[in-house]
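What the coordinates show
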Amino acid sequence: MREESSRPGDTTGSTYTDLAAVTPEAYAIASTSRNLARERVGNATPEDRIRQRCSIAVGDFAMADLMRFAGDPVAAGLAALAQEAPIITDIRMVKAGILKRGHRSEVLCALDYGEDIARERGITRTSAGFVALRDRIEGSIVVIGNAPSALLVICDMVREGVRPALVVGTPVGFVNAAESKEALRALDVPSVSNAGTRGGTPVAVAAINEIITILAERAGYEGPGY
């Protein structure tokens, strides 16, 4: 469902769409949360919309100030989604959280690949999965919400010349989480990340889902219709 607007699909957020709200109650809750976030976070740019949604996802407006954007990531993500580029996640929880409507991209999980590589190299399953999927990384959207080791593998691939269309990297934790995100921001690749040790699956899912929502608004999505 979308609020009435004279500028449908406006990516600054004068409209409101929630692709996951399939009942009036769900839409009302989501809309109220978004209105609060607009007031607290600001609503001038598409990046503000990601800040809003990530803050809602963790229940803390402080998250907005931690978000970082490099290389015009919203435009890069929209272009990749329009081309039906695959979305590759680090864990199944991230995959499960990504919206199923509003786009035609295949969503893959690295954990479903590379088990033999993990055993042979003694590396994490998520890292091994991205190694196994190396040939699919080029032009894809990578979404990492949990595993710093996997984000470091992606950073190594970018340095070696592999170029994802967009990397959403918000792993959480005290071991390599902050460092992996700093490494991502130092690379010449469009990215959404956050500063520090916070982050996690909700933040990663919120970021990519907001880009999907913007794509759906541009396509004239009118909501489920009650």
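The structure presented is a predicted model; accordingly, all values stated were derived computationally and were not measured. (Residues numbered from 1 in each chain as written. Predicted model: local features only at pLDDT ≥ 70, side-chain atom pairs only at ≥ 80, totals over all residues. Heavy atoms only, no water.)

1. So, the overall build of the chain
For the chain, the count of helices and strands is eleven helices and six strands. Relative to its length of 226 residues, the chain is compact, with a C-alpha radius of gyration of 17 Å against a globular reference of 17 Å. Judged by the C-alpha coordinates and their principal axes, the chain covers about 55 × 30 × 30 Å. Classification of the 226 residues of the chain by burial places 54% in the buried group. When the accessible surface of the chain is totalled, it reaches about 9,800 Å², and 50% of it is carbon and sulfur. (Helix = DSSP H or I, 4+ residues; strand = E, 2+ residues; numbered from the N terminus. Rg over C-alpha atoms; globule rule 2.2 N^0.38 Å. Buried < 20%, exposed > 50% of the residue type's maximum accessible area, 1.4 Å probe, protein only. Areas by Shrake-Rupley, 256 points an atom, 1.4 Å probe, with all protein chains shown as cover.)

2. Section: the side chain of Lys181
For Lys181, the position within the fold is in helix H10 (residues 177–185). The side chain of Lys181 sits in the buried core without any salt bridge; Glu179 is the nearest counter-charge, 8.4 Å away. Within the local environment of Lys181, its side chain forms a polar contact with the backbone oxygen of Pro171, the two atoms lying 2.9 Å apart. Not counting residues up to four positions away in its chain, the partners in contact with Lys181 are Leu151, Gly169, Thr170, Pro171, Ser193, Asn194, Gly196, Thr197 and Arg198. (Lys, Arg positive; Asp, Glu negative; His and termini not counted. Salt bridge = Lys/Arg side-chain N within 4 Å of Asp/Glu carboxyl O. Polar contact = N/O pair within 3.5 Å; in protein donor to acceptor, adjacent residues only side chain to side chain. Contact = heavy atoms within 4.5 Å.)

3. Re helix H9 (residues 148–159)
In this model, H9 (twelve residues) spans 17 Å end to end at C-alpha, consistent with the 16 Å of a helix rising 1.5 Å per residue. Residues of H9 that are buried in the fold lie against helix H7 (125–132), helix H8 (134–137), strand S4 (141–144), strand S5 (166–169) and H10. Directly after H9, the chain includes Gly161, whose backbone phi takes a positive value near 110 degrees. (Expected span 1.5 Å × (residues − 1).)

4. Details of the sheet that holds strand S6 (residues 191–194)
The six strands are arranged S1-S6-S5-S4-S2-S3 in an open sheet whose pairing can be described as mixed. Each having just a single partner strand, strand S1 (67–70) and strand S3 (107–109) make up the two edges of the open sheet. Going across the sheet, the axis of each strand differs from the next one's by a mean of 15 degrees, ignoring polarity. Relative to S6, S5 runs parallel, the two being bridged by three bridges. When the sheet's bridge partners are listed, Val168 is paired in S6 with Val192. Strands in contact with H9 are S4 and S5; relative to S4, the strand with the most contacts, it is inclined by about 150 degrees. (Pairing = 2+ DSSP bridges. Axes fitted to C-alpha atoms, helices over the stretch in contact; angles between N-to-C directions.)

5. Points about the pairing of S5
Each regular strand displays side chains that alternate between the two surfaces of the sheet. Of the two faces of S5, the one holding Leu166 and Val168 and the one holding Val167 and Gly169 are both buried throughout. Where S4 meets S5, four bridges bridge the pair, whose relative direction is parallel. The residue of S5 that forms the bridge with Ile144 is Gly169. Following the chain from S5 across H10 to the adjacent parallel S6, one finds a crossover that is right-handed. (Right-handed = clockwise from strand over helix to strand, strands pointing away.)

6. Quick look at H10
Within H10 the residues assigned to the buried category are Ala177, Ala178, Ser180, Lys181, Ala183 and Leu184. Turning to H10, the residues buried within the fold contact H9, S5 and S6.

7. Quick look at the confidence of the model for the chain
Overall, the predicted model of the chain reaches an average pLDDT of 90, with 91% of residues at or above 70. Here residues 1–9 is modelled with pLDDT under 50, and outside its nearest four sequence neighbours on either side it reaches 32 contacts, counting other chains as well. (pLDDT = per-residue confidence, 0-100.)

8. Some details on the nonpolar core
One finds Ile50, Cys54, Ile141 and Val143 to be the most contacted residues of the largest nonpolar core, which totals 36 residues. The biggest single contributor to this core is helix H11 (residues 201–218), with eleven residues. Not counting the four nearest positions on each side in its chain, Cys54 is found in contact with Met63, Met67, Val203, Ala206 and Ala207. With 22 residues, the next largest nonpolar core counts Ala110, Leu133, Val142 and Cys155 among its residues. (Core = buried A, V, L, I, M, F, W, Y, C linked by side-chain atoms within 4.5 Å.)

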